[in-house]
Amino acid sequence: MNLIILGPPGAGKGTQSKRLEDKFSMIQLSTGDMLRAEVASGSELGKQAKVIMDAGDFISDEIIINMISSRVDHDDCKDGFILDGFPRTVPQAEALNKMLAEKSLKLNHVIELTVDDEAMVERICGRFTCSNCGSGYHDSFQKPATDGVCDSCGSTDFTRRADDNAETVRNRLTTYHEQTAPIATFYGDQGILKQVDGMAAIDDVTQKLENILG
Ligand code: AMP
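No experiment lies behind these values; they were computed from the predicted model shown. (Residues numbered from 1 in each chain as written. Predicted model: local features only at pLDDT ≥ 70, side-chain atom pairs only at ≥ 80, totals over all residues. Heavy atoms only, no water.)

A. The nonpolar core, seen in detail. In this structure, I4, L29, F81, L83, L96 and Y187 are the most contacted members of the largest nonpolar core, which totals 28 residues. Setting aside chain neighbours within four positions, we find L29 in contact with M34, R71, V72, C77, F81, I82, L83 and D84. Counting 13 residues, the second largest nonpolar core, distinct from the first, contains V196, V205, L209 and L213. (Core = buried A, V, L, I, M, F, W, Y, C linked by side-chain atoms within 4.5 Å. Buried < 20%, exposed > 50% of the residue type's maximum accessible area, 1.4 Å probe, protein only. Contact = heavy atoms within 4.5 Å.)

Below, the structure is given as C-alpha cells:
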C-alpha cells in the first residue's frame, strides 16, 4: 500500500507516518529528512539545500523528483511507502503520477491532516527530536518523562531543526497555502483524497488513519 500524507508544517505528518510504518509495513519517505541528511553529510546538494531550507523556501521540483524516484526503487519500499512532505507542488504531484505509472505502482490513499495555522507556529517552535533514535518531543505538549532523557532510548542528546523558528515557520505556512494546498484539489478531483482533523489528540489522529487504511 502506498500513500501520501498531506498537511502544512507541524500538522503531524512525520509523527503519524512513523506510527503507521510498523503497523502497516510501509516505509516513511520524508523529503525533508532526506534533505537534512544531505545537509549533515556536507554534500554539494546539502550546501545548496541548506540556504533554501533555512529561509523556508522550496528546493527545485527536479531535484526532489529525482530524489524520490531513485528512493522508491530501493528494496525497503516494495511493501509500500508513506510520502511525507512530497509532493509539495502541483508539478510534483503530476510528476509523481507519471513516475508511479512508469514503475507500475499505485497510489492507494491521499490523506490530508487539516489544522489551524496559528496553532502550527506554537507546535513547531517547541518541537525537538532525540538525536540518537529520532523520537519526537515538544516543550509543552509532549515532554520526555524525565527531563532531558529520551523515553525510547535513554539518550540525553536532542536536536532542534534550524528552520523551526517563528519567522521561517510563517514563511513555510504561506508557501504551503500558495503552492501545496492546491494539491488537495488535484487529488480530490481524482477521488482519492480523505481528510482527517489534525488538531485532535495524537492517538485519536492515529486511530482515524488506521481506520482509513484498514
Ligand atoms: P519538511 O521536513 O517536510 O518540513 O521539509 C523541510 C524543508 O525541506 C522545506 O521547508 C523545504 O525547504 C524542503 N523540502 C522538503 N520537501 C520538499 C519538497 N517536496 N519540495 C521542495 N522542497 C522541499
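B. Representation of the sheet that holds strand 6 (residues 136-138) within the structure. Spatial strand order, 6-5-7: three strands in an open sheet with antiparallel pairing. Strand pairing shows two members of the sheet lacking a second neighbour, strand 6 and strand 7 (158-159), which therefore form its edges. (Pairing = 2+ DSSP bridges. Helix = DSSP H or I, 4+ residues; strand = E, 2+ residues; numbered from the N terminus.)

C. Focus on the site of the ligand. Of all residues adjacent to the ligand, which total 16 residues, the nearest are T31, R36, D57, G85 and Q92. In the model, a nitrogen atom of the ligand is placed 2.9 Å from a nitrogen or oxygen of the G85 main chain. At 3.0 Å, a side-chain N or O of R161 approaches an oxygen atom of the ligand. Relative to its unbound accessible area of 480 Å², the ligand is 97% covered by the protein chains. (Near = heavy atom within 4 Å. Polar contact = N/O pair within 3.5 Å; in protein donor to acceptor, adjacent residues only side chain to side chain. Areas by Shrake-Rupley, 256 points an atom, 1.4 Å probe, with all protein chains shown as cover.)

D. Region of interest: the sheet that holds strand 2 (residues 27-30). Strand order in the open sheet formed by five strands is 2-3-1-4-8, and the pairing between neighbours is parallel. Edge positions in the sheet fall to strand 2 and strand 8 (193-197), since each of these pairs with one other strand and no more. Between one strand and the next, the sheet's axes are offset by a mean angle of 25°, whatever the strand orientation. Examined bridge by bridge, strand 1 (residues 3-6) and strand 4 (residues 109-114) share four bridges and lie parallel to one another. Bridge assignment links L6 to a residue of strand 4, and that residue is E112. Across the face of the sheet, helix 1 (residues 13-23) comes into contact with strand 1, strand 2, strand 3 (81-84) and strand 4 while running at roughly 175° to strand 3. Across the sheet, helix 9 (residues 202-213) touches strand 1, strand 4 and strand 8, and the angle it forms with strand 4 is around 160°. (Axes fitted to C-alpha atoms, helices over the stretch in contact; angles between N-to-C directions.)

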